[in-house]
Amino acid sequence: MHAPHISESVWWIIAVITTVLFLVVWLPMMPTPRSRNQIALVPLVGIGFLTALGKLRGHGLGELLAIYSTVVLALILGAIGRRADMRIAVQQGEDPLGTSASKAAPANKRLTVQLSAAFAVAFALWAWLTWS
């Protein structure tokens with residue numbers, strides 16, 4: 001099964017949609033204004049990083065937008081439904097991605113498993129779109 005050809009203009013639309021979805025999913029989970037500001041900067045940092053990567057490695061804009069969109073998609077899928085786990089960890093005064101010996105260990109485990117599965121799925125999608 002061959003992947004559909006996606007033009008650069010469609011990748012722009014996909015990148016904008018995934019960025020908006022990322023902010024919609026992640027911003028409400030953040031407990032403090034500082035953490036919300038940090039999450040709001042994630043797309044800008046990602047764009048800056050990929051721009052530098054593209055210049056160094058000679059990737060085209062369409063390929064960079066595909067990478068950006070699939071990574072952001074993984075972050076979205078990895079956090080959907082984990083709002084309660086994040087709140088539990090924060091209420092206990094711990095980092096939601098903290099150590100396994102913490103009081104929030106079950107929340108950490110669920111979040112880690114979901115993020116790992118989401119990144120595996122996103123990488124498989126990106127590989128299929130890129131190499132088939």
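Residues numbered from 1 in each chain as written. Predicted model: local features only at pLDDT ≥ 70, side-chain atom pairs only at ≥ 80, totals over all residues. Heavy atoms only, no water.

K.L.:
Can you explain helix H1 (residues 8-26)? Please cite residues and give values.
P.N.:
In this model, H1 (19 residues) spans 26 Å end to end at C-alpha, consistent with the 27 Å of a helix rising 1.5 Å per residue. Every buried residue belonging to H1 is among Trp11, Ala15, Thr18, Thr19, Phe22 and Trp26, and all of these are buried. Seen from one end, H1 has its buried residues packed into an arc of 105°, which puts them on one side. Set apart from the buried face of H1 by more than 90 degrees, the exposed residues are Ile13 and Val24. (Helix = DSSP H or I, 4+ residues; strand = E, 2+ residues; numbered from the N terminus. Expected span 1.5 Å × (residues − 1). Buried < 20%, exposed > 50% of the residue type's maximum accessible area, 1.4 Å probe, protein only. Arc of directions from axis to C-beta.)

K.L.:
Tell me about the environment of Leu77, residues and numbers included.
P.N.:
As for its placement among the helices and strands, Leu77 is situated in helix H3 (residues 61-79). Leu77 gets classed as partly exposed once you look at its relative accessible area, which sits at 37%. Through-space distance from the C-alpha of Leu77 to that of Val121 is 9.4 Å; in sequence the pair is 44 residues apart. Non-local contacts of Leu77, meaning those with residues more than four positions away in its chain, are made with Gln114 and Ala118. (Contact = heavy atoms within 4.5 Å.)

K.L.:
For the packing of H1 against H3, give the residues involved together with the corresponding values.
P.N.:
Relative to each other, H1 and H3 sit at 25°, their axes nearing to 9 Å. Taken together, the axis directions place H1 and H3 in an arrangement best described as roughly parallel. As for how H1 packs across H3, the hand of that crossing is left-handed. Between H1 and H3, the contacting residues are Glu8, Trp11, Trp12, Ile14, Ala15, Thr18, Thr19, Leu21, Phe22, Val25 and Trp26 on the first element and Leu61, Gly62, Leu65, Ala66, Tyr68, Ser69, Val72, Leu75, Ile76 and Ala79 on the second. (Axes fitted to C-alpha atoms, helices over the stretch in contact; angles between N-to-C directions. Parallel < 35°, antiparallel > 145°, perpendicular 65-115°, else oblique. Left-handed = near helix turned anticlockwise from the far one by under 90°.)

K.L.:
Any details on the packing of H1 against helix H2 (residues 33-57)? Residues and values, ideally.
P.N.:
One can describe the packing of H1 onto H2 by two numbers: an axis separation of 10 Å at closest approach and a directional angle of 160°. Our classification of the angle between H1 and H2 gives roughly antiparallel. Judged by the twist between their axes, the crossing of H1 over H2 is right-handed. Within the contact between the two elements, H1 uses Thr19, Phe22, Leu23 and Trp26 and H2 uses Ile39, Ala40, Val42 and Pro43.

K.L.:
Outline the nonpolar core, listing residues and values.
P.N.:
Judged by nonpolar contacts, the single largest core of 21 residues is most densely connected at Phe22, Trp26, Met29, Met30 and Met86. Among the elements that line this core, the one with the most residues is H3, at eight residues. Sequence-distant contacts of Met29, defined by excluding residues within four places in its chain, comprise Ala79, Arg82, Arg83 and Met86. (Core = buried A, V, L, I, M, F, W, Y, C linked by side-chain atoms within 4.5 Å.)

K.L.:
Just give me the short version of a nonpolar patch on the surface, but keep the residues and values in it.
P.N.:
A contiguous nonpolar patch, built from Ile13, Ile17 and Leu21 and spanning about 270 Å² of accessible area, is present on the exposed surface. Structurally, Ile13 is set in helix H1. (Patch = residues over 30% accessible without salt bridge, like charges linked within 9 Å, V, L, I, M, F, W, Y side chains within 5 Å. Areas by Shrake-Rupley, 256 points an atom, 1.4 Å probe, with all protein chains shown as cover. Salt bridge = Lys/Arg side-chain N within 4 Å of Asp/Glu carboxyl O.)

K.L.:
Can you tell me about the environment of Val121, naming the residues and giving the values?
P.N.:
Within the secondary structure, Val121 is located in helix H5 (residues 105-131). Val121 sits in the exposed class, given a relative accessible area of 53%. The spacing of Val121 and Leu73 is 48 residues in sequence and 9.5 Å in space, taken between C-alpha atoms.

K.L.:
Please provide a residue-by-residue account of the packing of aromatic side chains, values included.
P.N.:
Under the defined criterion, the tally for this structure stands at three aromatic pairs. For the ring pair Phe123 and Trp126, a centre distance of 5.8 Å and an interplane angle of 40° mean the geometry is tilted. Within this pair, Phe123 and its partner Trp126 are both found in helix H5, separated by three residues, close to a single helical turn. Trp126 gets classed as buried once you look at its relative accessible area, which sits at 14%. The rings of Phe123, Trp126 and Trp131 are connected pair by pair, giving a single aromatic cluster. (Phe/Tyr/Trp six-rings, centres within 6.5 Å; stacked < 30°, edge-to-face > 60°.)

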